[in-house]
Each structure stands twice: as structure tokens, then as C-alpha cells.
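Below, each chain spelled out in residue letters.
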Amino acid sequence: MKSIAFRVLGALAACLAMAGAAPAQTAYPDKPVRLVVPYSPGGSTSVLANALATALGKSLGQSVYIDHRPGGNTIIGTGAVAKAAPDGYTLLLTASSHVVVPLITKAPYDPFKDFTPVATLAKTEFVLVVNPKVNAQNLKEFVALAKTKPGAVTYASAGNGSGTHLVAEQFERVVDIRMQHIPYKGAGPLVNDLLGGQVNAAFLVPAVATQFIQSNRLRAIAVSGKERQSMLPSVPTLSELGVGSLNATNWYGVLAPAGIPKDVAVKVANAIQTVGSHPDFKETLSSLGLQPYSVKSDEFDRMMREESARMAALIKSANITMD
């Protein structure tokens, strides 16, 4: 009788253990993944997002759909991701502005504490261009012109605190010149006035500048980084010209809400790395004037923090505020 009683109690204990056990975890992802893009649809970031969503969906074995959330200088879309569940089903496609915007305006999130860096995708440098009427054929002549009449040479940017503004501020300090800054509301109006001669110069990404350089409507002076750009192979870098490169790389990467499970973050990062090595995706990057740039979570976090420190010092020195 005692042995039967023990067997019954053992069976009962096993049943209770099974009843209290956590349900089996389903493999990630088992539903569509949302990719939030804090920029308006239609631009180059949209093209990049579409290419990423398509390829990432194939790599993960689940559809990835785009959710454009523009507004507030990327704050609206970025803030939405900061508040999303950290389960891997909401991701953010962002750029260098992620670390800059909170430095010049109040944001409802911390760019580091509220996010997990997953992986970078691509990067690009800037090219210094001038209107052909400007009496400068090369960097030496441009610097000499600016030094002859401090503040007389004008340069346009896509707005206070934009990448096109910050790279110009760095450039002025490196070559010891002072130009007059003319901020615009975006790249479109900037380019129109640059082509029309209302402003003398600007730093533009190759994807925007190339067509005008090739048609001789703008003159290329130099590329900001250490490497020549694939769309503009004949344009020398500042390093080649003896000036030294600027810390002005415009990068694109994917972040997740803070607290995402590490195995999920690793799976997404590996999938992005697979996407980045695919010839079709590389071709899309090339068409946008972008270069592949593969950095995973730890290095990505370090890179962003270093960039934030550099930009904070520059913004304070130049007294930059948001439009």
C-alpha cells in the first residue's frame, strides 16, 4: 500500500510540475517585424529602408514592413521605438542624427539608455561643392578666397545642427577660415539656391551632388573622409590634399528598444550582416552613394558614444541650436 501511495503522490507531483511550467517559447520571429523609419517617405532613406526590409525579411524568414514616422527632426519616430516592447518586433532604421538631435533639442528619450544598438548598414562622406561662378578651382584656392574676405564666402546647410552644417563647422576649424552659414529647411531648397548662385558652397552627400557635378552645374572641391567615393572617384579627399579627414561620416544603422533579448538581437544582427553581403543590396547602396559598413552591437555602441562626445564639443563651441 505504501509503494502505491508513493507512486500516486509522485505522479501527482509530476502533473503539478507540468502545469506550473512556462509555456514553450516560439522561435523568433513568428510574426511580421516592424521597421520604423523616422523620415518622410520618398527620399533616399526610403529606398534604403525598402531594400533592407525586403532582404531582411528573406533572411529572417518573416515579413518586415516599414512604418514611416517623420516629424520633430526624427524625434517622433525614434521616440515611438523607445516606448515599444523590447521583443524584437519593432526596430529602428536611423542615422547619425540619432546622437546629434538630443544634443541640440529636448528629446523624450536617451539615445543610449533607451536603445540597443544592433548593427550598422552603410555610411557615406560629404563632398564640398561650389557654384561654378566661385573663383576657386581647388581646395587651396577656396581656402585662400575665404581667408581673403572672412565671412564673405557663404555656405548652405540643410538646417542648424544637420550633418551638412556640422561638417562645415569642422571644416572651418581644420583649415582656419570663417564662412557665413545660410541654413535651409532641407536639402531641396539648399541645392536650388546653390545652383542659382545665391550661396557659394555646401557640403552635400555624393548621392545628391553627383548629377550636378557631372553636368558641370557644381564644382567638386574635396571629399571629407579618408577614402574617395565610388560615385566621385576623381574627387580627392581632404587627407590627400594634406588637410586631414573630418569626423563627419554619415552612417545608417538599426537599433532596437532597450531590453531586447540578447539572442534575438544577435539573430537580427546576423541577418543584417547577411543582407549587407548580398550583391543586390550592395548595388542598392552604390546607387545611393553609400558604402557597406558592417559593425555589430558593442562596436556600434562605442562608435555612437564617441561621436556624441565629439559633436557635443563642436555644438558647444559653435553655439549651435535647433531651428
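This report concerns the structure included in the present document. (Residues numbered from 1 in each chain as written. Predicted model: local features only at pLDDT ≥ 70, side-chain atom pairs only at ≥ 80, totals over all residues. Heavy atoms only, no water.)

What follows deals with the layout of surface pockets. It is the rolling of a water-molecule-sized probe over the atoms that shows where space remains empty. In this structure, the second largest pocket spans a volume of roughly 440 Å³. Around the second largest pocket, the lining is made up of 21 residues, and of these K123, E125, N247, T249 and Y293 lie nearest the centre. In terms of residue count, the dominant contributor to the lining of the second largest pocket is helix 11 (residues 297–318) (6 residues). Classifying every residue of the lining of the second largest pocket by side-chain character gives 6 nonpolar, 6 polar and 9 charged. (1 Å grid on protein atoms, 1.4 Å probe; cavity = no way out; pocket = protein on both sides within 12 Å on 5 of 7 lines; lining within 4 Å. Points joined across faces, edges and corners; volume = space filled by probe spheres on them. Helix = DSSP H or I, 4+ residues; strand = E, 2+ residues; numbered from the N terminus. Nonpolar A, V, L, I, M, F, W, Y, C, P; charged D, E, K, R; others polar.)

Of all hydrophobic cores here, the largest spans 35 residues; its most connected members are L52 and L56. Elements supplying a minimum of two residues to this core: strand 1 (33–37), helix 2 (44–60), strand 3 (90–95), strand 4 (115–124), strand 10 (250–257), helix 9 (262–276) and helix 10 (279–287). The residues contacting L52, other than those within four sequence positions of it, are L35, G57, L93, L121, V254, V275 and F281. (Core = buried A, V, L, I, M, F, W, Y, C linked by side-chain atoms within 4.5 Å. Buried < 20%, exposed > 50% of the residue type's maximum accessible area, 1.4 Å probe, protein only. Contact = heavy atoms within 4.5 Å.)

This paragraph deals with the sheet that holds strand 4. The mixed open sheet is built from 6 strands, whose spatial order is 2-1-3-10-4-11. Of all strands in the sheet, those bounded by a partner on one side alone are strand 2 (64–68) and strand 11 (291–292). Two elements, strand 1 and strand 3, share 3 bridges in a ladder whose sense is parallel. Residue pairing across strands places L35 opposite L91, the latter belonging to strand 3. Relative to strand 2, helix 2 is tilted by about 155°, and along the sheet it contacts strand 1, strand 2, strand 3, strand 4 and strand 10. (Pairing = 2+ DSSP bridges. Axes fitted to C-alpha atoms, helices over the stretch in contact; angles between N-to-C directions.)

The analysis is restricted to geometry; functional conclusions fall outside its scope.
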